[in-house]
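Examination of the molecular architecture
What follows is the residue order along each chain.
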Amino acid sequence: MPTISPDKAKPEYDVIIVGSGAGGGQSAFTLTLAGLKCLMLEAGRSYDVVNETPMFHAPHQAPLGGVGTPDKPFGFHDATIDGGWQVPNEPYTSAHKQPHEEFQWWRARMMGGRTNHWGRISLRNGPYDFKPHSRDGLGFDWPVSYEDVEPYYTKVEMLIGVYGTNEGLENTPDSPPGVLLPAPKGRAAELLTQKHAKKVGVPVIPIHRAVLTRPLDWKTIPQKLYPGNKWAQGIVKEAMSDRGACFWATPCGRGCNVGANYQSTTVHLPPALATGNLDIIANAHCREVTMGKDGKATGVLFIDKTTGKEVEAKGKAVILAASACETVRILLNSAGGKGIANSSGLVGKYIMDTVGARLGGQIPALENIPPHNEDGAGGSHFYAPWWLYKEQLAGKLDFARGYHIEMGGSRHMPGGANPVSDDYTRGLYGTKLKEAARRYYGSFVGFSARGDMIPNADCYCELDPQVKDKWGVPVLRFHWKWSSHELNQAVHARKTFAAMIEAMGGTVRGDTNFTGPNSIEKPGSIIHEVGGALPGADPKKSVVNGFNQTWDVKNLFLNDGAPFATNADKNPTLTIMALAWRACDYIIEQAKQGTL
């Protein structure tokens, strides 16, 4: 990915964009195609997705067969470089009192950020998700509605390519006809789950995922995205035609050097660079937003990691898209540590993660299945959207918000780990071991909940008064407390999974202690942390308005997960991109009016 050194940067840009992931990438795409000059700062190194992606490496070519290690938690071949739960020289602290409330902060330090690693699950928030307080009296409503965001969901889906089906289910929005790509068929375990989950009332349908199951329609989509703008159409057309359809070669988490899945580095940044309106500086660790006497942002200060020197970049507007908590860190460290955009006192407050819970089982019906082709997109092809909205609204459940179910099973490439649990082969040798491996390989299933978290005042981050990073910048300290809604939701999920496994004729495996603290995953572990810059209609009770624009600093925008009022069960990346595109259209309009 082409980058420049700090000394090659222009004296001033129209917009400084901090972060190159989903929000930063979408911002660069939208603004540069509108003719605005942009500088993007990425805290990690550059990344060549074509030459660095281990598309065809086998497990035996990796240390330990490619299994996860502390510095590569998702396996040796995972695309993440210089990132993870711990980043060298960039610590954070936690003030938790209970083990299940220890916040874990996963960060990416590479061009494209988390988009190189994420699961590509692309679910739209539904109408209820934007107005949850109006529905159940808890949390906050967003200052925008589903109808406000819907056109941008459609544009993002057309641009990045999302497969799936329209099912017409409650609060699970359909896309307009012709937008979604064909969904792949279910694998054996998914089809068996779909058949038997009906017995316990759980609907199982094709998931929506940002993977190309066929080439994008580059002949017509650019015209729909940029009607009447031949220049923009040409750039988008070329970028789309460069992407190939998935041929099921490798897990998506490795990255994709044919551009079949969505990564910022293959979808957003190439066309943005092709406009000639984007410069990118890598290894730029943002310290703070600089301010003018008129109360407007003038740019940012960052540390050039290659030299350790502090550098100032100037812009008429600033977009922070560094990831939700990183953006909070920058805001709180600005103005000499006094913070900016914080007259409400809400910067860093109400952070959320997706509620996680899981359970697995062994299914005799999946034993001794003849070898067959189970290639497909990385991750599951099917999922179960939340199905108990009416029962929940009627007060029949002891938690207020729902979850969706992701599933795994069948005969995936085993990697370096034993694909058959040791307790099924312990003590066996020779022919008996081979027979047991053939019998049980592919007979295990796993289910994971991804649930809505209601924001609460006990979940927040602040500057640690003692700890600083390598460059002397104060780090974040996290506080967390789950409410009974999240704990009860996790218990409900695991009991539902047990019922599904038993309906399939299987046996539940692992820990069956179904208490809340034992059922819920640690905060941050799902890597869906959002919030910290509450959006709203009242400047005294929120940080940003409905266009991600901070109330206090009119030319400062937050285009990542920070301005989330709630964290629906739907994975947040598609919504981050839709809101970023909408915010950038607003910035473009402001620039035309000369009010940026």
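Every chain is numbered on its own, with residues counted from 1 as its sequence reads. Totals for whole chains, interfaces and linings use all residues, but because this is a predicted model, local features are given only for residues with pLDDT of at least 70 and pairs of side-chain atoms are given and counted only at 80 or more. With hydrogens and water stripped out, all remaining heavy atoms of the structure feed into the side-chain values.

With an unreviewed UniProt entry as reference, the protein is termed GMC family oxidoreductase, source organism Humisphaera borealis. UniProt positions are given in the numbering used here, feature names are shortened, and annotations may be inferred rather than shown by experiment. If you open the UniProt record of the protein and go to Sequence similarities (unreviewed entry), you find "Belongs to the GMC oxidoreductase family."

**Let's talk about the UniProt feature "domain: Glucose-methanol-choline oxidoreductase C-terminal" (unreviewed entry) in the protein**
UniProt feature "domain: Glucose-methanol-choline oxidoreductase C-terminal" (unreviewed entry): in the numbering of this structure it lies at residues 455–580. Within the segment residues 455–580, helix and strand shares are 25% and 17% respectively, and the terminal C-alpha atoms sit 22 Å apart. Starting at the N terminus, helices and strands are each numbered in turn, a helix being any DSSP run of H or I of at least four residues and a strand any DSSP run of E of at least two.

**Let's talk about the nonpolar core**
Side chains of a nonpolar character, in soluble globular proteins, are inclined to be buried together. Side-chain atoms within 4.5 Å are what join buried Ala, Val, Leu, Ile, Met, Phe, Trp, Tyr and Cys residues into a set we call a nonpolar core. Summary of the burial criterion: residues with accessible area below 20% of their type's maximum are buried, those above 50% are exposed, and those between are partly exposed, where the area comes from a 1.4 Å probe applied to protein chains only. Within the largest apolar cluster, 133 residues are counted, with the highest numbers of intra-cluster contacts made by Ile 160, Val 300 and Leu 556. Those residues in contact with Ile 160 that lie beyond four places of it in its chain are Ala 210, Leu 212, Arg 243, Tyr 262, Val 267, Leu 574 and Met 577. Judged by nonpolar contacts, the second largest core, of 26 residues, contains Cys 38, Ala 272, Ile 319 and Leu 596. Contacts are assigned to residue pairs with any non-hydrogen atoms lying within 4.5 Å of each other.

**Some thoughts on empty space enclosed by the protein**
Think of a 1 Å grid over the protein atoms and nothing else: a 1.4 Å probe that fits but is trapped marks a cavity, an open set flanked by protein within 12 Å on at least five of seven lines marks a pocket, and residues with an atom within 4 Å of a point count as lining. Grid points are joined across faces, edges and corners, and a volume is the space filled by probe spheres set on the points. Enumeration according to the criterion identifies seven cavities of 30 Å³ or more in this entry. Approximately 80 Å³ is the volume attributed to the second largest cavity. Leu 123, Arg 124, Thr 172, Pro 173, His 208, Tyr 383, Pro 385, Trp 386, His 404, Asp 569 and Lys 570 together form the lining of the second largest cavity. Gly is placed with the polar residues, together with every amino acid not listed as nonpolar (Ala, Val, Leu, Ile, Met, Phe, Trp, Tyr, Cys and Pro) or charged (Asp, Glu, Lys and Arg). Of the residues belonging to the lining of the second largest cavity, the class tally is five nonpolar, three polar and three charged.

**Observations concerning the layout of surface pockets**
Roughly 340 Å³ of volume is contained in the second largest pocket. Those elements that provide at least two residues to the lining of the second largest pocket are α2 (49–52), α8 (230–241), α9 (264–267) and α10 (269–274). Residues belonging to the lining of the second largest pocket are distributed by class as follows: eleven nonpolar, four polar and four charged.

**Digging into the UniProt feature "domain: Glucose-methanol-choline oxidoreductase N-terminal" (unreviewed entry) in the protein**
The residues that UniProt annotates with the feature "domain: Glucose-methanol-choline oxidoreductase N-terminal" (unreviewed entry) are residues 251–339. Annotation note: span residues 251–339, helix share 22%, strand share 36%, distance between end C-alpha atoms 41 Å.

**Concerning the pattern of salt bridges**
The salt bridge criterion pairs a side-chain nitrogen of Lys or Arg with a carboxyl oxygen of Asp or Glu, the two atoms within 4 Å. One pass over the full model with this rule turns up 24 salt bridges. Linking Arg 401 and Asp 136 is a salt bridge whose minimum nitrogen-to-oxygen distance equals 2.6 Å. Of this pair, Arg 401 sits in the loop between α12 (389–393) and β11 (403–409) while Asp 136 sits in helix α4 (residues 132–136), placing them 265 residues apart in sequence. Given the relative accessible area of 6%, Arg 401 is considered buried. Relative accessible area serves as the criterion here: at 28%, Asp 136 is assigned to the partly exposed category. A salt bridge links Asp 585 to Lys 155; its shortest N-O distance comes to 3.6 Å. In this pair, Asp 585 is assigned in helix α16 (residues 573–592) and Lys 155 in helix α5 (residues 146–160), connecting sequence segments 430 residues apart. A residue is classified by how much of its surface remains accessible, and Asp 585, at 26% relative accessible area, is partly exposed.

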